[in-house]
Amino acid sequence: MQKKYSRNFDQIQEIVKDTEHFFAANNIDDSLRMKVDLSLEELFVNMVNYNTETDQNILVEMRAIDKGIEISLTDFDVERFDPTLAPDVDIDAPLSARSPGGLGLYLVLKMADSINYQYYDRKSKITFTNRVSAE
Amino acid sequence: MFEIGFKESGEVAVSGRLDAAQAARAQEFLDSLDGRCVIDMTELEYVSSAGLGVLLRTHKRLMAGKEGLELVNVNKHIADIFRYSGFDKLFAITTL
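Conventions used here
Residues numbered from 1 in each chain as written. Chains lettered and ligands numbered in written order. Predicted model: local features only at pLDDT ≥ 70, side-chain atom pairs only at ≥ 80, totals over all residues. Helix = DSSP H or I, 4+ residues; strand = E, 2+ residues; numbered from the N terminus. Rg over C-alpha atoms; globule rule 2.2 N^0.38 Å. Buried ≥ 20, exposed ≤ 12 C-beta atoms within 10 Å, placed from the backbone. Pairing = 2+ DSSP bridges. Axes fitted to C-alpha atoms, helices over the stretch in contact; angles between N-to-C directions. Contact = placed C-beta atoms within 7 Å. Nonpolar A, V, L, I, M, F, W, Y, C, P; charged D, E, K, R; others polar. Expected span 1.5 Å × (residues − 1).

**Details of the overall build of chain A**
Right, on to step 1. When you go through chain A residue by residue, the secondary structure sums to three helices and five strands.
Right, on to step 2. The order of α-helices and β-strands along chain A, N terminus first, is β-α-α-β-β-α-β-β.
Right, on to step 3. Against the compact-globule benchmark of 14 Å for 135 residues, chain A has a radius of gyration of 15 Å, which places it among compact chains.
Right, on to step 4. Referenced to the eigenvectors of the C-alpha coordinate spread, the extents of chain A come out at roughly 45 × 35 × 25 Å.
Right, on to step 5. Within chain A, the fraction of its 135 residues that count as buried is 32%.

Encoded structure:
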């Protein structure tokens, strides 16, 4: 599946619906849905929020793999931003030291079984996988 | 689909998906609350970091008045996200 989405949070609902259809059509284990939905949303939102110099749509590609799914998001005409280098979050910090924000990419790195970043021709592409066997 | 409102008991009930598209609406509702607040999450299916931010912001505001949020009837998937986020150490949480 390949589909482009406009840079708008309202597209999240459409992405969720398309993911649901892809899971059903490819018999992918539903136990992966929460992790996949979370990583997809966090990466999409990150591109919308931080790659503000472009108005090009974001490409999402889904591929069924052995016991799971591989998903790529590609942002076009943007500067390099590698989400895999996102700073760690101190989840043991007291409430006074915690602030909203910063958790999204941290959760992606925790939830995905593998994650890969590529930057070429001003395209920023991030690919992650989730498999049942790695649960 | 995300809904937030009061139950007859006075607790807040949330349902559906609390994602980045719904966070502002949830924040607006929770900003109107004072004192200790219980949120029933029985029908909440999903929460992303945007939703976690709403909960954390509200909890910090209420804790400044020595009150805070209590999250009850949290399902296993969402409890996992709370644990990954360290929220299990910040909030009073009861799981389903």
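**With respect to the sheet that holds strand β4 (residues 114–120) of chain A**
All names here are of chain A.
Right, on to step 1. What the five strands build is an open sheet, ordered β1-β2-β3-β5-β4; its pairing is antiparallel. Whereas interior strands pair on both sides, the edge strands pair on one side only; in this sheet they are β1 (2–5) and β4. Put simply, the sheet's adjacent strands are angled 20° from each other on average, direction ignored.
Right, on to step 2. Direction of pairing for β4 relative to strand β5 (residues 123–131): antiparallel, over a ladder of seven bridges. Bridge pairing in β5 links glutamine 118 to lysine 125.

**Here we look at the interface of chain A and chain B**
Right, on to step 1. Contacts between the two partners involve 20 residues from chain A and, on the opposite side, 19 residues from chain B.
Right, on to step 2. Elements represented by at least two residues in the side of chain A that touches chain B include exactly α1 (11–25), α2 (33–50) and α3 (103–111) of chain A.
Right, on to step 3. When residues of the side of chain A that touches chain B are assigned to their parent elements, the largest contribution, six residues, is made by α2(A).
Right, on to step 4. Split into classes, the residues belonging to the side of chain A that touches chain B amount to ten nonpolar, three polar and seven charged.

**So, the sheet that holds strand β3 (residues 36–47) of chain B**
Residue and element names in this part refer to chain B.
Right, on to step 1. Strand order in this open sheet of five strands is β1-β2-β3-β4-β5, and the pairing throughout is mixed. The two strands at the open ends of the sheet, each matched to only one other strand, are β1 (2–6) and β5 (92–95). Averaged over all adjacent pairs, the angle separating strand axes in this sheet is 20°, with direction ignored.
Right, on to step 2. Two elements, strand β4 (residues 68–74) and β5, share three bridges in a ladder whose sense is parallel. What sits directly across from valine 74, in β5, is threonine 95.
Right, on to step 3. On top of the sheet, helix α3 (residues 76–85) reaches β3, β4 and β5; it is set at about 110° to β3, its chief contact.

**Description of the environment of A:Arg131**
All names here are of chain A.
Right, on to step 1. With respect to the element layout, arginine 131 can be found in strand β5.
Right, on to step 2. C-alpha of arginine 131 to C-alpha of aspartate 66: the two residues are 65 residues apart in sequence and 7.5 Å apart in space.
Right, on to step 3. Sequence-distant contacts of arginine 131, defined by excluding residues within four places in its chain, comprise Lys67, Gly68 and Asp113.

**Topic: helix α2 (residues 49–63) of chain B**
Each α-helix turn comprises 3.6 residues. Residues three or four places apart therefore point the same way.
Right, on to step 1. Over its 15 residues, α2(B) runs 20 Å from end to end, which matches the ideal 21 Å to within 8%, given 1.5 Å per residue.
Right, on to step 2. Within the span of α2(B), buried status applies to B:Ser49, B:Ala50, B:Gly51, B:Leu52, B:Gly53, B:Val54, B:Leu55, B:Leu56, B:Thr58 and B:His59.

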